[in-house]
Amino acid sequence: MDTDVRRAVVIGAGVAGLAAARVLADSFEAVTVIERDTLPSAFAPRAGAPQGHHVHGLLALGAEVFEGYFPGLRAELEQAGAPVWDWGERLCAVLPKGTPPPTPMGMPIQTFSRPLLEHVLRQRVTALEPVTLRDGLTVTGLRTAAPGKVTGVRVKDGDAEDEIAADLVVDASGRSSHLTQWLAALGLPSPRTTTVDAQIGYASRTYTYPEGAAQPSWMGVLQPLRAPDFRKGCYAIQIENNALHVTLHGAGGTQLPHTDDDFLAYATTLRSPVADTIASLTPTSAVRRYARTVNRKIAYHRLSRWPDGLIALGDAVCTFNPAYGQGMTVAALEVRLLEQMLGNRRGRTPLDGRVFQKRLARVTASSWLMATTPDRAWGKSGSAWPVQAGNWFMNRLIDTVPHDPQLYTAFSSVFHMIAGPQALAAPRLLSRVLIGPRPGASRSAIMS
Ligand SMILES: Cc1cc2nc3c(=O)[nH]c(=O)nc-3n(C[C@H](O)[C@H](O)[C@H](O)COP(=O)(O)OP(=O)(O)OC[C@H]3O[C@@H](n4cnc5c(N)ncnc54)[C@H](O)[C@@H]3O)c2cc1C
């Protein structure tokens, strides 16, 4: 290896890996992204990112951060057909106690398929001078020179094995990361892994509107789940290619549809307008199911020893029940942390991986709480009182949202992470939530 050239290796060309490569390209002379899938030249779902078959919403904060890293991204996605719309005006939110009326919020949202986003990010990242993307190559372990120092990765291409040297290795290999085993092979202790599983399943497919067909006034539908009674829900978004992407979901082990007929029958059991819409559309994909929705965090930040030359981010460290749509946005925030830490170094001082993992744990903390608090309510054994109190407040808030546009707007800003939870603590909003919806009040006007 040319010792003057500083090299980084990123494991995984998912959203976190691509965003990390973008930031690393500012600080390293060579950045190699290694992806085990053979990547499609056009945009299409792929085996290593099965979530590509399912509705993938990017929160407003995530869109803002990605736009900062990839200026013009929104326009490029729009050119590829991804619509931009106002969340408050064009979302049909079918909440347990009613649907808020259209409420202009000045919160533009863009909707697209995950494969399209990944495709555009991939093109942007591979156009960067220092970046090389090597697909069809699987990382099988870490390369070390001295104890406590990672110096690259071991890779496998079919039967052929090789090593790639690096000054920094970034594990962005997602939910299927093998980092705990790789660290164990280096003699490091096992980090604690925490899981919270609401046993939520997804079933999804896409549809297209026939040429000239009338489209609904909504651009998205959201019918969330809520323990213990609201076990079925859905997401639907208008995406590129004049298509509608629909994900039906169910919690607590609810049986999800397998076949075309089951899919429509399940949609018919919902209060949302999705069934009426898809009944007259042509499906353009088979029904795809997914059930690995467990929240999982691995406490790498608590390990007493951490090797130099290594960091981990994205789903490889902390994954959320995707029903809350946080994964890509949190990955973007983790990459922002990486950028800050790389920028704060003096000259060529190596990044302190241990400090990175500690700070990353703070970045994920509030999203973890947002996802796991309601998910714990699906557990059979009951939850601790702080969780019960959190869920009481959240349920009351969601029940009041259809009746108060200001509360709906504040809640949406928190949901999209452009405001912190303190935005809901304004005295008027807080007292509105505590009073709750008026008895008997129910807003059920659903956008058609
Ligand atoms: C069903 C579902 C729906 C979701 N919906 C949303 C949503 O609406 N909004 C949202 O923000 N997030 C959503 N997410 C989460 C989101 O997809 C992830 O949080 C986000 O993409 C960041 O993931 P990642 O890049 O860390 O991992 P991934 O996207 O999983 O990428 C990891 C990559 O690493 C590759 N890889 C794995 N092992 C190796 C190896 N050994 N060698 C080389 N390459 C390897 C994989 O092939 C893959 O390409 C959803 C997730 C799921 C499962």
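The structure presented is a predicted model; accordingly, all values stated were derived computationally and were not measured.

Draft legend 1. Molecular detail of the overall build of the protein. Helix and strand counts for the protein come out as 13 helices and 20 strands. Taking 22 Å as the expected radius of gyration for a compact globule of 448 residues, we find that the protein reaches 22 Å, a close match to that expectation. Overall, the protein is about 70 × 50 × 40 Å in size when its C-alpha atoms are taken along their principal axes. Here the protein holds 448 residues, and 44% of them are scored as buried. The long-range fraction of contacts in the protein, counting pairs at least 24 apart against all pairs at least 6 apart in sequence, stands at 71%.

Draft legend 2. Here's a closer look at the site of the ligand. In the region of the ligand, 38 residues are neighbours, and Gly14, Gly48, Gly174, Gly314 and Gly327 sit closest. Top element by residues in the shell around the ligand is helix H9 (residues 327-344). It accounts for four residues. When the residues that make up the shell around the ligand are grouped by side-chain class, the tally is 16 nonpolar, 17 polar and five charged.

Draft legend 3. Local environment of helix H11 (residues 385-400). If you check H11, its first and last C-alpha atoms are 22 Å apart, about what 16 residues at 1.5 Å a residue would give, namely 22 Å. Those residues of H11 hidden inside the fold are in contact with helix H12 (405-415) and helix H13 (427-435).

Draft legend 4. Broad picture of the domain arrangement of the protein. Once the domains are mapped, the protein shows domain 1 (7-56 + 115-195 + 295-371) and domain 2 (199-290). Using only C-alpha atoms to locate each centre, domain 1 and domain 2 end up separated by 32 Å. Between domain 1 and domain 2, the contact holds eight residues from the first and twelve residues from the second. Residue composition of the side of domain 1 that touches domain 2, grouped by class: four nonpolar, four polar and no charged.

Draft legend 5. Structural view of the sheet that holds strand S19 (residues 310-312). The five strands are arranged S6-S2-S1-S10-S19 in an open sheet whose pairing can be described as parallel. Two strands lie at the open edges of the sheet, namely strand S6 (131-135) and S19, each paired on one side alone. Across the sheet, the mean angle separating the axes of adjacent strands is 20° when strand polarity is ignored. Running over the sheet, helix H1 (residues 15-24) touches strand S1 (7-11), strand S2 (30-35), S6 and strand S10 (168-171) and is turned about 170° from S1.

The rules we used
Residues numbered from 1 in each chain as written. Predicted model: local features only at pLDDT ≥ 70, side-chain atom pairs only at ≥ 80, totals over all residues. Helix = DSSP H or I, 4+ residues; strand = E, 2+ residues; numbered from the N terminus. Rg over C-alpha atoms; globule rule 2.2 N^0.38 Å. Buried ≥ 20, exposed ≤ 12 C-beta atoms within 10 Å, placed from the backbone. Contact = placed C-beta atoms within 7 Å. Near = placed C-beta within 6 Å. Nonpolar A, V, L, I, M, F, W, Y, C, P; charged D, E, K, R; others polar. Expected span 1.5 Å × (residues − 1). Domains from an automatic or database assignment. Pairing = 2+ DSSP bridges. Axes fitted to C-alpha atoms, helices over the stretch in contact; angles between N-to-C directions.

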